[in-house]
Each structure stands twice: as structure tokens, then as C-alpha cells.
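A structural walkthrough
The primary structure of each chain is shown beneath.
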Amino acid sequence: MTSILPEPHHSDSPNWEEELDSAIFSFEDIQTELNYKRAQTALQNLVANLDLSPQEKQGLEAEINDLDTMLGKLERMVVQIAAFGMVGRGKSSLLNALVGQSVFETGPLHGVTRDAQRVTWSINEEAIGETERALRVTLPAVGKSQVELIDTPGLDEIDGETRAVLAEQIAKQADLILFVIASDMTKLEHQALSQLREAGKPIILVFNKVDQYPEADRMAIYHKIRDERVKELLSPLEIVMAAASPLVKTAVRRPDGSRGVQLRTGNAQVDELKLKILEILQREGKALVALNTMLYADVVNEQLVQRKLMIREQNASALIWKAVMTKALAIALNPVTIVDILSSIVIDISLIVGLSKLYGIPMTEAGAVQLLQKIALSMGGIGASELLANLGLSGLKTLLGISASATAGAAIGPYLSVAVTQAGVAGVSSYGIGQVTKAYLANGATWGPDGPKAVISKILATLDEASILNRIKEELLTKVKLRN
């Protein structure tokens, strides 16, 4: 957007930066009143103990980086103020007026610093979505705090999806939001304000460019906004009027000697906004940084946890199915009863040990045997079915195998039918054992208050044995290349 920017000035509020710093917090106050140091330590521990495998970190780089950013914000005691609004509402001019210098006047900047009156401003551009950018300016530290002002793209310059990304990405990090309008609110502005309200951060609605309206019109627009447009979103105390870059009429003498009127940029009228910012920071500033940082970190951590659980769930399911098919194939191809039983036990123990490693819970083979015994005793029907199948069907399978040799392969059909059935029953049993073990380990190697029988019964009740059995048979036939 193009706007007339104010000349650098300090006369209207010579101690603005000092007042702002004083209003935010001192380290001693925040430590005693809000336990700021404890919040910082908690976030440090969170970052240091993410416990993510290389596979789990893939695709989570942005979230992990966000946690590091939040930690840095706590350590540097940074208050972030973000400005939102449509094109032409004067967002950049408003931020310049707050700063007292034209630091938001240019286009794309990449890591540029500018020296103005012995003050260094760090100016950076950050991506919003795939194509948009937001300008972030860090004011020099005064005392123990820092302030970051964030200028965002015009809401009507970007599509709805990018607007949602913008609102979520900036608003969830910001400690205070300035929503800038310059007339009666549009439908798009109301929707955007509603989205920002969901972020749960303090919002100041700034009715800018009030110098362009006669007094009666200005007040009529203000009352309409206050009493109708934002009544359900903001209180009257959260609405201020401003003129970031007012145009002042000045009498001039033309070269031909005639007199005329020329417009020039006057002093910014943002004292009410400054006072409102100071009021919010005095009332809530000591809590804003610590609480907003921890709330945002909690959201990011929840995303990390969910991603971690999803990946472990996927890997656990793949491991369980691999054990199921290994067991089914081994039993189908083996004609000796005792070997069937022993191989089943070995595969189930290996499955339990493998799952324990996946969930980061150390378990020896002896521990796996004990867990298998507990699960098998509580599984009831499935465990008994597998034992009967192995004893009965293995014997029948052995006889049919001998018959097949004696009859030159005439009994191979019945043999395969019995072998596949036995393998299917064994596979269902292993699937159940795997699911129970997964639930046990995911719960921190505990059964919870209800005990093992209740947990196992609940899991087994959700198993579709017929579906699993058919899946085993289909995959087994494919593996042994017996499908017609």
C-alpha cells in the first residue's frame, strides 16, 4: 500500500520508549508475580526433552523451530505487537507513528538494518503462506525488555486460505493485536476480526484516518462500529481513534502571487492509542509474554505429541502385521506340531520386545515372556482357539502331508486348506496380542486403573476376527503363490 509517512518526531511523547519498557515488566516483578523463570525453565526442558527419533522429526521442523523461537522470546523478554487491516487503512503509517520514525516505509527487505539518529532497527521479512510476506521490526531494547512490531499484508490482497494462515501464524505469536480500519467496517474486516478474536489475545480496534471526517460523521461511524459491528467481539474500551498521518491544510502563495491551500503531513495523532497500549501492558503486560508464550508452546507441543503418537501408531501397526504374517507363514509351511507351538511363542515374544523398543520402554525377553503370559491368560477365547488349532490342526496337517506323499499329491488340497486355516487362527491370536501390547506400552507400560482384563477385553471386543482372518488368508496365499 502507498501512504504518506510522517516525519520523525518525538515531541508528542518524548519518553514513550521508557514508558513502554516500564509498563511491560522488570525481571524481578515477573519472577515474583508470575514465576517467569519457572515458565522459561519449563520451556527449556520441553525443547531439550522432545524425545523424537529422526523419523519423527521429519515434517516437524517448523514446529520444533517455533518452540526455539518461543524460548528465545522468553529469554529476551520480547513483547510482540502485530497490526492487521485491509489495504489503505494506514497500518504502516500507524506503526511508524508509534515508533516516531519511518521504518515501515519500504518494500521487501531481507535482514536489513538502518541507522537512524543513533538507533538501530532490525528489519526482517518473514513468509506467510507461499507468496505473502509480513514485515517485522524489532525496536531497540530499553531497559530489560524489547518490543517487536509486525506489519502484515493487506487482508484484501490475499486469498481466504492465506488469510487464515496469516491470522493463525501471526496472531498466535503476538502478545497484542492492533486491528486497523479507516471507515465503517466491511464484511471482510468483520470476518478477519472474528478470526483474530479466536486467538484469545488482547485486541485494540484502531479507527484510523479520523482527520478525514467531519466531527459529526466521525462520531456516527464510531458509534455504529461500537454499538453494532463489534458489540459481540470487543468492548468500547478496546476501540480507539487515531490519525497516523493527518493531512493539514496550509495557506501558500503561488508564484503568480495568488494565494492557495496546500496539504501537508501533520503530526500524528496517536496519543490515545499509546495510552491504551500502555494501559494494557500495565494491566496485563507482566502476564502477556509468559502466558502467551507458554500457551503457544503448549499448542506446538500438542502437535508434536500427536505427530509422534501417529508415527508410532503407524510403525507399531506395521510391526504387528509383519509378525502376524511371519507367524502365519511359518505355521502354514511347518508340519510338526511342537515346532508350530514353539515358533508361535518365539514370534510373539519378539513382537513384544520390538514394540517395547518402538515405544522407548526397555523390556528384556524374560519381561516379554511374563507379559505374554498375562495377556494370553486374559485373552480367553482367542488363546484357547490357537492352542486347540495348533494341537488339532497340526496333527491333521501332518497326516495329510504324509498322505500327500503317499498318494502322489492327491491330498495336497486338503493339506493346504488345513494349513491356511491354522495359520489364520494363529495370526488372529498374534494380532490380538500385538494390539494389547501396543495399548499397554502406549499407556506407559501400565494397565491403568481398570486392570489388564478390562483393557484386554475392551480391545478384543473391537477386533473383527473374520475380517482379519480373511486378510491373513489372502496375503498368505499370495506369499506362497497359491492364489489361482
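Use the structure listed above.
What comes next is a walk through the structure. Computed from a predicted structure; not experimentally measured. (Residues numbered from 1 in each chain as written. Predicted model: local features only at pLDDT ≥ 70, side-chain atom pairs only at ≥ 80, totals over all residues. Heavy atoms only, no water.)

1. Quick notes on the pattern of salt bridges
Summed over the entire model, instances satisfying the criterion amount to 10 salt bridges. For R197, the salt bridge is made with E238, and the minimal N-O distance between the two is 3.9 Å. Of this pair, R197 sits in helix 8 (residues 187-197) while E238 sits in the loop between helix 9 (215-229) and strand 8 (239-241), placing them 41 residues apart in sequence. Owing to a relative accessible area of 23%, R197 belongs among the partly exposed residues under this scheme. Judged by its relative accessible area of 22%, E238 is partly exposed. Among the ionic pairs, E228 bridges to K224, the shortest N-O distance being 3.3 Å. Note that E228 and K224 are positioned in helix 9 at a spacing of 4 residues, about one turn of the helix. Since its relative accessible area comes to 31%, K224 is described here as partly exposed. (Salt bridge = Lys/Arg side-chain N within 4 Å of Asp/Glu carboxyl O. Helix = DSSP H or I, 4+ residues; strand = E, 2+ residues; numbered from the N terminus. Buried < 20%, exposed > 50% of the residue type's maximum accessible area, 1.4 Å probe, protein only.)

2. As for helix 9
Compared with the 21 Å implied by 1.5 Å per residue over 15 residues, the 20 Å span of helix 9 between its first and last C-alpha is a close match. Where helix 9 is buried, its residues touch strand 6 (176-181), strand 7 (203-207) and strand 8. (Expected span 1.5 Å × (residues − 1). Contact = heavy atoms within 4.5 Å.)

3. Considering the pairing of strand 7
The buried fraction of strand 7 is high, at 5 of 5 residues. Going residue by residue along strand 7, you find I203, L205 and F207 tucked away on one face and I204 and V206 tucked away on the opposite face as well. For the crossover from strand 6 across helix 8 to strand 7, the handedness is right-handed. Pairing of strand 7 with strand 8, which is carried by 3 bridges, proceeds in the parallel orientation. (Right-handed = clockwise from strand over helix to strand, strands pointing away. Pairing = 2+ DSSP bridges.)

4. Some remarks on the side chain of Q80
Mapped onto the fold, Q80 is located in strand 1 (residues 78-85). The residues touching Q80, leaving out its near neighbours within four places in the chain, are K73, R136, E148, I150, Q173, A174, D175 and L176.

5. Concerning the packing of aromatic side chains
Summed over the entire model, instances satisfying the criterion amount to 3 aromatic pairs. With a centroid separation of 6.1 Å and an interplanar angle of 80°, the aromatic rings of W321 and Y431 are classed as edge-to-face. Of this pair, W321 sits in helix 10 (residues 271-333) while Y431 sits in helix 14 (residues 412-442), and the two are 110 residues apart along the sequence. The buried category is assigned to W321, whose relative accessible area is 9%. The ring of W321 carries R471 above its face, with NZ or CZ at 3.6 Å from the centroid. (Phe/Tyr/Trp six-rings, centres within 6.5 Å; stacked < 30°, edge-to-face > 60°. Lys NZ or Arg CZ within 6 Å of the ring centre and 35° of its normal.)

6. Quick notes on helix 8
Restricting attention to buried positions, one finds in helix 8 the residues L188, E189, A192, L193 and L196. Down the axis of helix 8, the buried set is contained in an arc of 130°. They therefore lie on one face. (Arc of directions from axis to C-beta.)

7. Observations concerning the environment of Q262
Mapped onto the fold, Q262 is located in strand 10 (residues 259-265). A C-alpha to C-alpha distance of 6.3 Å links Q262 and A251, two positions 11 residues apart in sequence. Contacts of Q262, omitting those with residues within four sequence positions, involve V248, K249, T250 and V252.

8. Remarks on the pairing of strand 6
With 6 of 6 residues buried, strand 6 is to be regarded as a mostly interior element. Going residue by residue along strand 6, you find L176, L178 and V180 tucked away on one face and I177, F179 and I181 tucked away on the opposite face as well. Where strand 1 meets strand 6, 5 bridges bridge the pair, whose relative direction is parallel. Bridging across to strand 6, G85 finds its partner in V180. With 5 bridges joining them, strand 6 and strand 7 adopt parallel strand pairing. Bridge pairing in strand 7 links I181 to F207.

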